[in-house]
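Analysis of the macromolecular model
Spelled out, the chains give:
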Amino acid sequence: MEIQGVVTEGFEPVRDAFVRNFEVLGDRGAAVAVYRDGRKVVDLWGGTRDADGTAPWTEDTAQVVRSATKGVAAAVPLLLHQRGLLDLDAPVGSYWPEFKTGGKEKVLVRDLLAHRAGVPALDRGLTAAEAADGVTGPRAVAAQRPFWEPGTGHGYHAQTYSWLLSELVLRVTGRTLGCVLAEEIAEPLGVDFWIGLPDTEAEAGRVGRVAPVEPPESAGVLRTRPRRNVSEAYADPASLTRRAFAAIDPLPDENAPAYRAAELPASNGIGTARALARFYAATIGVVEDGARIFTPATTGLAAREHSAGPDRVLVVNTRFGAGYMLHGPASPLLSPASFGHPGRGGSLAFADPEAGIGFGYVTNALAKSVTADPRAQALVRALKSVL
């Protein structure tokens, strides 16, 4: 496997792990990037641009990162809070009056960000077109009765997070979340990340095709069976787990231009590993050219535990800050100080303020992993070994 890019002296184990991901763990096309103390120290890519193709992955290839989108999207409401435009302790209904129905009157913005709003699923799954139209999703989640008393527990809002976050931002700013992200974060920071891919040939031509893959026999770790209760939850059509992931039903074609152009902050962000690493580096400090996203106080909000314990959707113990998944057994990051988000199937991005790390990994080979893909974890272990 020919790997392109650069590694700063001392970070060679990350490159070795990246190579092994292709040779042993079944990667097809992927990239990994790491910032330390605001400076890029790893920037690698390899394989094919399409999981089922032959064209090479290039320096600027971008991919759909699924739920790793959530961590980037969460920066928008936190930035609004930082600017005094959004109160995390205010009821969501004070910004979005239609949301105050069916027992959701006391849901706080903070609850929404930490997956405590109680509406991870819908009584009726939306079509891909309805999910993307910017109207049907917010209306459906506003009308939905909660599945538990909001604020009393947490459960991963796998798909509904899109409409909760996007409508809240729209009500506060009059702009879509994807627009705010582009204008207030991505463009000033100089990162190639979109929630709503621009309708230009230049950008569309950069995005590779994702596809599900079966792990090779050599990747025995990928064949590890999940616990029985987890498997049963995913298999049962009536379970909250299955219903949460089926809030869009049937699942959309992630390679379709219409899906890529939609704004779904829970699932359809498109970007490079380099963009994710730089983004997270800018949430914890100043990056190379002086850019920064969060103040120290906002960084603290992102990393502070808001939810912990049994997850009513994922059926494992999870931890969340204000919009970010935190380090834990279900989603190991670099250390207990880390905050970020995995993407189902492989992608992972996070920051670690204590180590000064911004990390991004993207892949087009979508495995069956949900929160702890072995390829991403191999890279994290290699990074940990050099710090």
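For the structure, see preceding data.
Definitions and cut-offs
- Residues numbered from 1 in each chain as written.
- Predicted model: local features only at pLDDT ≥ 70, side-chain atom pairs only at ≥ 80, totals over all residues.
- Heavy atoms only, no water.
- Helix = DSSP H or I, 4+ residues; strand = E, 2+ residues; numbered from the N terminus.
- Rg over C-alpha atoms; globule rule 2.2 N^0.38 Å.
- Buried < 20%, exposed > 50% of the residue type's maximum accessible area, 1.4 Å probe, protein only.
- Contact = heavy atoms within 4.5 Å.
- Areas by Shrake-Rupley, 256 points an atom, 1.4 Å probe, with all protein chains shown as cover.
- Lys, Arg positive; Asp, Glu negative; His and termini not counted.
- Charge placed at Lys NZ, Arg CZ, Asp CG, Glu CD.
- Pairing = 2+ DSSP bridges.
- Expected span 1.5 Å × (residues − 1).
- 1 Å grid on protein atoms, 1.4 Å probe; cavity = no way out; pocket = protein on both sides within 12 Å on 5 of 7 lines; lining within 4 Å.
- Points joined across faces, edges and corners; volume = space filled by probe spheres on them.
- Core = buried A, V, L, I, M, F, W, Y, C linked by side-chain atoms within 4.5 Å.
- Bend = angle between axes of the 7 residues up to and from the residue.
- Polar contact = N/O pair within 3.5 Å; in protein donor to acceptor, adjacent residues only side chain to side chain.

Notes on the overall build of the protein
What the protein contains, in helices and strands, is 14 helices and 14 strands. Over its C-alpha atoms the protein spans a radius of gyration of 19 Å, differing by no more than 12% from the 21 Å that the globule rule assigns to 387 residues. C-alpha extents for the protein along the principal axes are approximately 55 × 45 × 40 Å. Taking all 387 residues of the protein together, 58% fall into the buried category. The long-range share in the protein, meaning contacts at least 24 apart out of those at least 6 apart in sequence, stands at 68%. For the protein, the exposed surface amounts to about 14,900 Å²; the carbon and sulfur share of it is 51%. If you average the places of the 40 positive and of the 44 negative side-chain charges in the protein, the two averages end up 6 Å apart.

Some remarks on the pairing of strand 2 (residues 29-36)
Burial within strand 2 is extensive, with seven of its eight residues counted as buried. Two elements, strand 2 and strand 3 (residues 39-47), share eight bridges in a ladder whose sense is antiparallel. Within strand 3, the position partnered with Arg 36 by the bridge is Arg 39. Between the end of strand 2 and the start of strand 3, which pair antiparallel, lie two residues, with Asp 37 showing a positive phi angle near 50 degrees. Inspection of the sheet shows strand 2 paired to strand 13 (residues 357-363) by seven bridges, in the antiparallel sense. Within strand 13, the position partnered with Arg 36 by the bridge is Ile 357.

Regarding helix 6 (residues 161-173)
Along its 13 residues, helix 6 runs 18 Å from first to last C-alpha, staying within 8% of the 18 Å computed at 1.5 Å per residue. What helix 6 keeps buried is the set Tyr 161, Ser 162, Trp 163, Leu 164, Leu 165, Ser 166, Glu 167, Leu 168 and Val 169. The positive-phi residue at the C-terminal boundary of helix 6 is Gly 174, with phi of around 80 degrees.

A word on the sheet that holds strand 4 (residues 63-64)
In spatial order, the strands read 4-7-5; together these three strands make up an open sheet with antiparallel pairing. The open sheet terminates on both sides in strands that have one partner only, identified here as strand 4 and strand 5 (193-194).

Section: the layout of surface pockets
Volume-wise, the second largest pocket comes out at about 200 Å³. Lining the second largest pocket are 13 residues, with Asp 133, Gly 134, Ser 166, Thr 176 and Glu 263 positioned closest to its centre. At the level of elements, helix 4 (128-132) and helix 6 are the ones that each hand at least two residues to the lining of the second largest pocket. At four residues, the largest contribution of residues to the lining of the second largest pocket is made by helix 6.

A closer look at unusual backbone geometry
Residue Pro 250 follows Asp 249 across a cis peptide bond; omega there is 0 degrees. Positionally, Pro 250 belongs in the loop between helix 10 (240-245) and helix 11 (257-261). Although it is not a glycine, Arg 66 adopts a positive phi angle of roughly 50 degrees. Within the element layout of this structure, Arg 66 appears in the loop between strand 4 and helix 2 (69-82). Of note in the backbone geometry, Val 315 takes a positive phi value of approximately 60 degrees without being a glycine. Of note, Val 315 is situated in the loop between strand 8 (307-310) and strand 9 (317-320).

What to know about the nonpolar core
Among the nonpolar cores identified, the biggest contains 74 residues, and Trp 163, Phe 279 and Tyr 324 are the most heavily contacted of them. Examining the composition of this core, we find that nine residues originate from one element, helix 12 (residues 273-284), more than from any other. Contacts of Tyr 324, omitting those with residues within four sequence positions, involve Gly 71, Ala 74, Ala 75, Leu 78, Phe 279, Tyr 280, Phe 294, Ala 302, Arg 319, Phe 339 and Gly 340. Counting residues in each nonpolar core, the second largest holds 25 residues, with Val 41, Leu 333, Leu 334 and Leu 383 among its members.

Here we look at helix 7 (residues 177-189)
Every α-helix winds through 3.6 residues per turn, so residues three or four apart in the chain are directed the same way. Its axis deflected by about 30 degrees at Glu 183, helix 7 carries its strongest bend there. When helix 7 is considered as a whole, its buried residues turn out to be Leu 177, Gly 178, Val 180, Leu 181, Ile 185, Ala 186 and Leu 189. Against the buried residues of helix 7 lie helix 2, helix 6, strand 5 and helix 12. Positive phi appears at Gly 190, one or two residues downstream of helix 7, with a value of about 75 degrees.

What to know about the environment of Asp 249
Here Asp 249 is to be found in the loop between helix 10 and helix 11. Along the primary structure Asp 249 and Thr 8 are separated by 241 residues, whereas in three dimensions their C-alpha atoms are 45 Å apart. Dropping the residues within four chain positions of it, Asp 249 is found in contact with Gly 125, Leu 126 and Thr 127.

Some details on the side chain of Ser 307
Mapped onto the secondary structure, Ser 307 falls in strand 8. At 3.4 Å, the side chain of Ser 307 forms a polar contact with the side chain of Arg 116. Excluding residues that lie within four positions of it along the chain, Ser 307 makes contacts with Ala 114, Arg 116, His 154, Thr 318, Arg 319 and Phe 320.

What about the environment of Gly 328?
Tracing the sequence through the fold places Gly 328 in the loop between strand 10 (325-326) and strand 11 (339-342). Note: C-alpha distance between Gly 328 and Ser 338 (ten residues apart in sequence) is 9.6 Å.

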